[in-house]
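Descriptive structure summary
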Amino acid sequence: MIVQELPDGRLWCINQTSHAHQAEEFCRRWGNGAFAPPAPYGPVLLGVSQHDNGWYDWELEPELRPDGYPMDFIHGPDWATKLHLWWRGIRRAFDQHPYAGVLVGHHAALLYEGLLESLHLGEEEREATQIFIDEQANVRAEARRLLGADEVLAAALEDEAVEAHTRLLQFGDLASLVVCVPWAARRIERCPVDMAETFTAISMEFDERRITFDPWPYGVDHFEVTIWGRVLEDRVFPDADAYRQALAVAPGLHKCWSVERA
């Protein structure tokens, strides 16, 4: 769950699965004379759109923080549950297409490799996280067994291509989080240029209506991205049942941005 505090004090609650769909919108038109498109296109975009599908069941019964404020993905749930959600998402994506599962797993592994030293984890949590990271090699090996006879997919499973396609996923993921959390406008590092070994930084700016990127990685001059979530009047709830009941009847808020050249 993403929980954004609106200017009037209300809370805008956005499902991780909705955010993942918006992340895919940010990647859908990738590719022009300077930036190579993903290949194979369909499985890569499937991986982007499904990268947070492990949260689906959790968001059917979302939780509260200890202070009664709605739980977001930064503050919870506990570490073992998060790893379980990741595995659930990897397996679901893998069942839809093995290459999508590879990208979801590598995305999670890259996140935790970068954060492992800075996270305040116990020894058991740290060991479990390292095992999770290491096991992504087995996910990739199984995908190669299933897909290796296809020339295009076999090439996409080379380490450089997996890395590039995962970095595209992470571009869409971060671009969506920047406008949904929201976070400050930023440079998004390691954006894939040739879907192999070349990467660059892309600067992102946004307001309530418009998003710009520089350099421009798309094959169109402009397009739209959207996101939908529910709006809560209350900020704190006595228990999870009260929160879930309020969320079930809460009105929706749909936002749309025009994505344009800087």
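Residues numbered from 1 in each chain as written. Predicted model: local features only at pLDDT ≥ 70, side-chain atom pairs only at ≥ 80, totals over all residues. Heavy atoms only, no water.

**Quick notes on unusual backbone geometry**
- With an omega of -15°, the peptide bond between Val181 and Pro182 qualifies as cis.
- Structurally, Pro182 is set in the loop between α8 (159-180) and β3 (187-192).
- The linkage connecting Asp214 with the following residue, Pro215, adopts the cis geometry, with an omega of 0°.
- Mapped onto the fold, Pro215 is located in the loop between β5 (210-214) and β6 (222-232). (Helix = DSSP H or I, 4+ residues; strand = E, 2+ residues; numbered from the N terminus.)

**With respect to the environment of His165**
- Within the element layout of this structure, His165 appears in helix α8.
- Separated by 30 residues in the primary sequence, His165 and Met195 have C-alpha atoms spaced 6.6 Å apart.
- Filtering out sequence-adjacent residues up to four positions away, His165 remains in contact with Pro38, Ala39, Val44, Tyr99, Leu103, Ala156 and Met195.
- A distance of 2.8 Å separates polar atoms of two side chains, one belonging to His165 and the other to Tyr99. (Contact = heavy atoms within 4.5 Å. Polar contact = N/O pair within 3.5 Å; in protein donor to acceptor, adjacent residues only side chain to side chain.)

**Quick word on a negative patch on the surface**
- Taken together, Glu63, Asp78, Glu123, Glu124, Glu125 and Glu127 make up a surface patch of like negative charges.
- Relative to the assigned elements, Glu124 resides in helix α6 (residues 123-147). (Patch = residues over 30% accessible without salt bridge, like charges linked within 9 Å, V, L, I, M, F, W, Y side chains within 5 Å. Areas by Shrake-Rupley, 256 points an atom, 1.4 Å probe, with all protein chains shown as cover. Salt bridge = Lys/Arg side-chain N within 4 Å of Asp/Glu carboxyl O. Lys, Arg positive; Asp, Glu negative; His and termini not counted. Charge placed at Lys NZ, Arg CZ, Asp CG, Glu CD.)

**As for the packing of helix α4 (residues 79-96) against helix α5 (residues 98-115)**
- At a closest axis distance of 6 Å, the pairing of α4 and α5 adopts a crossing angle of 155°. Regarding the angle of α4 to α5, the classification is roughly antiparallel. Here Trp79, Lys82, Leu83, Trp86, Gly89, Ile90, Ala93 and Phe94 of α4 lie close against α5, whose contacting residues are Pro98, Ala100, Gly101, Val104, Gly105, His107, Ala108, Leu111 and Tyr112.
- Residues of the contact of α4 with α5, tallied by class, amount to 12 nonpolar, 4 polar and 1 charged. (Axes fitted to C-alpha atoms, helices over the stretch in contact; angles between N-to-C directions. Parallel < 35°, antiparallel > 145°, perpendicular 65-115°, else oblique. Nonpolar A, V, L, I, M, F, W, Y, C, P; charged D, E, K, R; others polar.)

**So, the pairing of strand β1 (residues 2-5)**
- Relative to strand β2 (residues 11-14), β1 runs antiparallel, the two sharing 4 bridges. Each residue of the ladder has a partner; that of Glu5, found in β2, is Leu11.
- Adjacent in sequence and paired antiparallel, β1 and β2 are bridged by 5 residues, among which Gly9 carries a positive phi angle near 95°. (Pairing = 2+ DSSP bridges.)

**Thoughts on the sheet that holds strand β7 (residues 252-261)**
- Ordered in space as β1-β2-β6-β7-β5-β4-β3, the 7 strands form an open sheet in which the pairing is mixed. Each edge of the open sheet is held by one strand with a lone partner, namely β1 and β3. Geometrically, the sheet is characterised by an average inter-axis angle of 35° between neighbouring strands, direction not taken into account.
- One ladder, built from 9 bridges, connects β6 with β7; its direction is antiparallel. Following the sheet pairing, Glu224 is matched in β7 by Ser258.
- Packed onto the sheet, helix α9 (residues 240-249) meets β2 and β6 and runs at close to 130° relative to β6.

**Points about the side chain of Ser176**
- With respect to the helices and strands, the residue Ser176 is situated in helix α8.
- Leaving out residues up to four positions away in the same chain, Ser176 has contacts with His19, Gln22, Ala23 and Phe26.

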